[in-house]
Amino acid sequence: MTIVVNLDVMLAKRKMKSNELASRVGITEQNISILKTGKAKAIRLTTLNSICKELNCQPGEILQYINDEIGEE
């Protein structure tokens, strides 16, 4: 079971750079990078809320669950 972070896709759709999102959300560019690469172990709901607010999206547009056992989303 895997959670995939599609933050880079949403940034591209919104034509926003990572550093701009980091500045607007109030987190470091390094933390944005960690989220984009899927290396994050957790994300605070307040951070997710801020990201969704700035990107005008729903959490499900950023986070995707994939069941590795049967290869389904």
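Coordinates for the structure precede this section.
Residues numbered from 1 in each chain as written. Predicted model: local features only at pLDDT ≥ 70, side-chain atom pairs only at ≥ 80, totals over all residues. Heavy atoms only, no water.

J.: Whenever I open this one, unusual backbone geometry confuses me. Can you help?
T.: With the exception of glycine, the majority of residues adopt a negative phi angle, and the majority of peptide bonds are in the trans configuration. Non-glycine residue Lys 15 carries a positive phi angle of around 55°. When you line up the elements, Lys 15 lands in the loop between α1 (7-13) and α2 (18-25). Not every positive phi belongs to a glycine, and Asn 56 is a case in point at roughly 50°. With respect to the helices and strands, the residue Asn 56 is situated in the loop between α4 (45-55) and α5 (59-62). (Helix = DSSP H or I, 4+ residues; strand = E, 2+ residues; numbered from the N terminus.)

J.: Can you walk me through the pattern of salt bridges in this structure?
T.: Side chains that differ in charge, positive against negative, can pair when their charged atoms come close. As enumerated under the stated definition, the model contains 2 salt bridges in all. A salt bridge links Glu 54 to Arg 24; the shortest N-O distance between them is 3.4 Å. One end of the pair, Glu 54, is in helix α4; the other, Arg 24, is in helix α2, and 30 residues separate them in sequence. (Salt bridge = Lys/Arg side-chain N within 4 Å of Asp/Glu carboxyl O.)

J.: What is the right way to read the environment of Asn 19 from this model?
T.: Considering the arrangement of structural elements, one finds Asn 19 in helix α2. Along the chain, Asn 19 and Cys 52 lie 33 residues apart, while their C-alpha atoms are 16 Å from each other.

J.: Would you take a moment to explain the packing of α2 against α4 for this structure?
T.: Think of two packed helices as two axes; the pair is described by the angle between the axes and how far apart they sit. Across the interface, α2 lies against α4 with an axial gap of 10 Å and an inter-helix angle of 120°. Between α2 and α4, the angle is such that the two are oblique. Of the two elements, α2 crosses α4, and the hand of that crossing is right-handed. Seen from α2, the contacting residues are Leu 21, Arg 24 and Val 25; seen from α4, they are Thr 47, Ser 50, Ile 51, Glu 54 and Leu 55. (Axes fitted to C-alpha atoms, helices over the stretch in contact; angles between N-to-C directions. Parallel < 35°, antiparallel > 145°, perpendicular 65-115°, else oblique. Left-handed = near helix turned anticlockwise from the far one by under 90°. Contact = heavy atoms within 4.5 Å.)

Interpretation note: all reported values are geometric properties and have no functional meaning in isolation.
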